[in-house]
Amino acid sequence: MSEDGRPETVPAPTPQPDAKPRHDLQRLKRRADFLRVASRRTKWVTSGFILQAAPTPPPRVRPGEPPSPEPAGPVIRIGFTTSKKVGKAVQRNRARRRLRAIASEIMGTDAQAGYDYVLIGRTETIARPYEMLLSDLRWALKRLGLRR
RNA sequence: UCAGAGGAUCGGAUGGCCGCUGCCGGGCUCGCGCCCGGGGGAGGAAAGUCCGGGCUCCACGGAGACGCGGCGCCGGGUAACACCCGGCGGGGGCGACCCCCGGGACAGUGCCACAGAAAGCAAACCGCCGGUCUAUACGGCCGGCAAGGGUGAAAGGGUGCGGCAAGAGCGCACCGCGCGCCCGGCAACGGGAGCGGCACGGUAAACCCCGCCGGGAGCAAGAUCAAAAAGGAACGGCAGUCCCUCUCGCGGGGACAGACGGAGUUUCCGGGUCGCCGUUCGGGUAGUAUCGCACGAGGCGUCCGGCGACGGGCGUCCCAGAUGAAUGGCCAUCCCCGCUGCAGGCACCCCGGUGUGUGCGGUGUGGACAGAACCCGGCUUACAGAUCCUCUGACGCG
RNA sequence: GUCCCCAUCGUCUAGAGGCCUAGGACAUCAGCCUUUCACGCUGAAGACACGGGUUCGAUUCCCGUUGGGGACG
């Protein structure tokens, strides 16, 4: 559609067709999970965010409960934290949404499965260019030895 | 044209790629769920949580008292309000209009520091005047006065004239104040004529008095969900003490006492419960569970009534429902803004500078305040910019 | 989200309309004492969160703003 003179829109970065298989992403929602991940002290700090990681514990088997159908293979679980240090509600929401966006773009293909990850927002998360956040996340995974 | 006043509305737009959520339809599946398509998805303040309600629970209902809290010119609006509308009083502006305060200080109590003679009942420091002592003056004493000075936030009407020994509402005029009368107004209040002759300081966001209103807690309220004991609920039966009826018992009637119960305390009344037995129903905890949870004092349009807040009729629409908490992430173009380059226009003038606005470009970690959490009505606070309507003043032209 | 509470020197606090130029303790600084340090003594500096209102007068009473803290599944 270049007959209207407008330049072609730059396509969004799409995963390469020959990329590594994507893992399903689950969400961390319980306070105990966040505390457990933080207590491992496995973290990497960038100017855009802080990444924490810990191995996913085996699923809790409840007595008297039928064994839940375990999903085939390990999964990746991600949680997000944006405290009041980031700002008021509008700033916190925006920081969390940007972290969610870079996680859904990268983590499924680049992160080691079987781990829980926590991304902590900082004040810079809002203003930092998007491409920088992406490279920050790849670098942080590599430094933690969890990039595949 | 310039300067200003009041009111209302909006709060970037369009597109592309990738996502989230719940609704509808279809498909797959025993089921949990998954996939496809369609349409919906933050605000005027969603904020602060300062008022008023709906709703839910506190076992249920009625009438008071005390206490506590709030409100307070008048009339109206409303489900209600501390909100809104229209008036009243005071002040500001040439004007449109804006701002401020709002029961009671002769029901009582308290307080009014410092200064000052005196701070609430009248009094007299410096003074003024008369008399008297003394040779005169200064001064002392006696008496009259409260104008002037001084202190203070505030000093017992103010100004002027008369009057007087000096003065003073002592008299008069105007203003203020008080009292009742008349008139206008539903009322707050306003106006008028008259009388009084100053008697009545401030503070109630001090206690208080008067009038009106209010039970408490809050959706983390509250409710539901499979199996088992205690606990629990419903129904039925028996059941405290005394008196009367009765030979006794049953039955009937009456009185009394204790505990519980009105989620401030308390009184009274109606109507209840308590302990035991039987039958039936049945579960605290669960957990990323479900309901509450979105059709409402609802939005929009139009007509009628009203100065207005608002009310009524008709038509039409369904319009966010998350729960580590969705409503977005990235990119492009346009719009607006700032800075800047070039071109040329207008005004001023010290003749090459200043100001203003136009067109075409470039540039930007430029685009206000801010994110629903049960729901409404208000208030308060924050806010870049844009648009519309009405009105006022000045100047010019007709 | 809902409901409460608080704000005074660097820290902990007193004051409850005027007597406040806001008091005390610890901490800080200076001097004295001591050979020196500590202790002790003397002295100094240092605060009413902010903005309005009521009042003659506000740290105190009222309203709003801001900033802290707590309770509730």
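Whatever comes next refers back to the structure up there.
Below: a short report on this structure. Throughout, a residue's number is its position along its own chain's written sequence, starting from 1. Chains carry letters and ligands carry numbers; both start at the beginning, A for chains and 1 for ligands, and go up in the order they are written. pLDDT decides what is reported in this predicted model: residues at 70 or higher carry local features, side-chain atom pairs at 80 or more are listed and counted, and totals for whole chains, interfaces and linings draw on all residues regardless. The basis for the side-chain values is all heavy atoms of the structure; hydrogens and waters are excluded.

With that settled, consider helix H4 (residues 130-143). Helix and strand definitions follow DSSP, with helices as H or I runs of at least four residues and strands as E runs of at least two, each counted in order from the N terminus. Take the number of residues in a helix, subtract one, and multiply by 1.5 Å to get its expected span. Compared with the 20 Å implied by 1.5 Å per residue over 14 residues, the 20 Å span of H4 between its first and last C-alpha is a close match. Residues of H4 that are buried make contact with strand S2 (43-45), strand S3 (49-55), helix H2 (89-110), strand S5 (115-121) and helix H3 (124-127). By definition, residues are in contact when any of their heavy atoms lie within 4.5 Å.

Note on aromatic contacts: the rings of Phe and Tyr and the six-membered ring of Trp form a pair at centre separations within 6.5 Å, being stacked when their planes are under 30 degrees apart, edge-to-face when over 60 apart, and tilted otherwise. Taken as a whole and judged by the stated rule, the model has 1 aromatic pair. Relative to Tyr 117, the ring of Tyr 115 has its centre 6.4 Å away and its plane inclined at 40°; by these criteria the two rings are tilted. For the exposure calls, accessible area comes from a 1.4 Å probe over protein chains only, and a residue counts as buried if that area is under 20% of its type's maximum, exposed if over 50%, partly exposed in between. Under the relative-accessibility criterion, Tyr 117 is labelled buried at 0%.

On the basis of which strands lie adjacent, the open sheet formed by 5 strands has the order S1-S4-S5-S3-S2 and mixed pairing. Whereas interior strands pair on both sides, the edge strands pair on one side only; in this sheet they are strand S1 (25-27) and S2. For this sheet the average axis-to-axis angle between neighbouring strands, irrespective of direction, equals 25°. Of the pairings in the sheet, the one linking S3 to S5 comprises 7 bridges and is antiparallel in character. Bridged to Ala 53 within S5 is Tyr 117. Axes here mean lines fitted to C-alpha atoms, for a helix over just the part in contact, with angles spanning 0 to 180 degrees between N-to-C directions. Against the sheet, helix H1 (residues 31-39) makes contact with S3, strand S4 (76-81) and S5, and its axis sits at roughly 95° relative to S3, the strand it touches most. Two strands are counted as paired when DSSP detects at least two bridges linking them.

Counting buried positions over the 7 residues of S3 gives 6, a clear majority of the element. Sheet topology places S2 next to S3; 3 bridges connect them, and they run antiparallel. If you follow Trp 44 over to S3, its bridge partner there is Leu 51. Turn length for the S2-S3 hairpin, with the two strands adjacent in sequence and antiparallel, is 3 residues.

A large share of S4 lies buried, amounting to 5 of its 6 residues. Pairing geometry for S4 and S5, over 5 bridges, is parallel. Across the sheet, Thr 81 pairs through a bridge with Ile 120, a residue of S5. Handedness of the crossover joining S4 and S5 through H2: left-handed. A crossover gets the label right-handed when its path from the first strand over the helix to the second runs clockwise, viewed with the strands pointing away from the viewer.

Listed in full, the buried residues belonging to H1 are Asp 33, Phe 34 and Val 37. Angular distribution of buried residues about the axis of H1 spans 100°; they occupy a single face of the element. For H1, the exposed residues set more than 90 degrees away from the buried face come down to Arg 31 and Ala 32. Arg 41, located one to two residues past H1, shows a positive phi value of around 60°. Directions are taken from the helix axis to each C-beta atom, and the arc is the one they span.

Let's shift gears to the pattern of salt bridges. Salt bridges are identified by distance alone: a Lys or Arg side-chain nitrogen within 4 Å of an Asp or Glu carboxyl oxygen. The final tally for this structure, using the stated rule, is 5 salt bridges. Note that Arg 36 is salt-bridged to Asp 33, the shortest N-O span being 3.5 Å. On the criterion of helical spacing, the pair formed by Arg 36 and Asp 33 is a turn pair, its members being 3 residues apart in helix H1. We classify Arg 36 as partly exposed; its relative accessible area is 24%. With a closest N to O distance of 2.7 Å, Asp 116 and Arg 36 form a salt bridge. Of the two residues, Asp 116 is situated in strand S5 and Arg 36 in helix H1; the sequence distance between them amounts to 80 residues. Here the salt bridges share partners, and the residues they tie into one network are Asp 33, Arg 36, Arg 77 and Asp 116.

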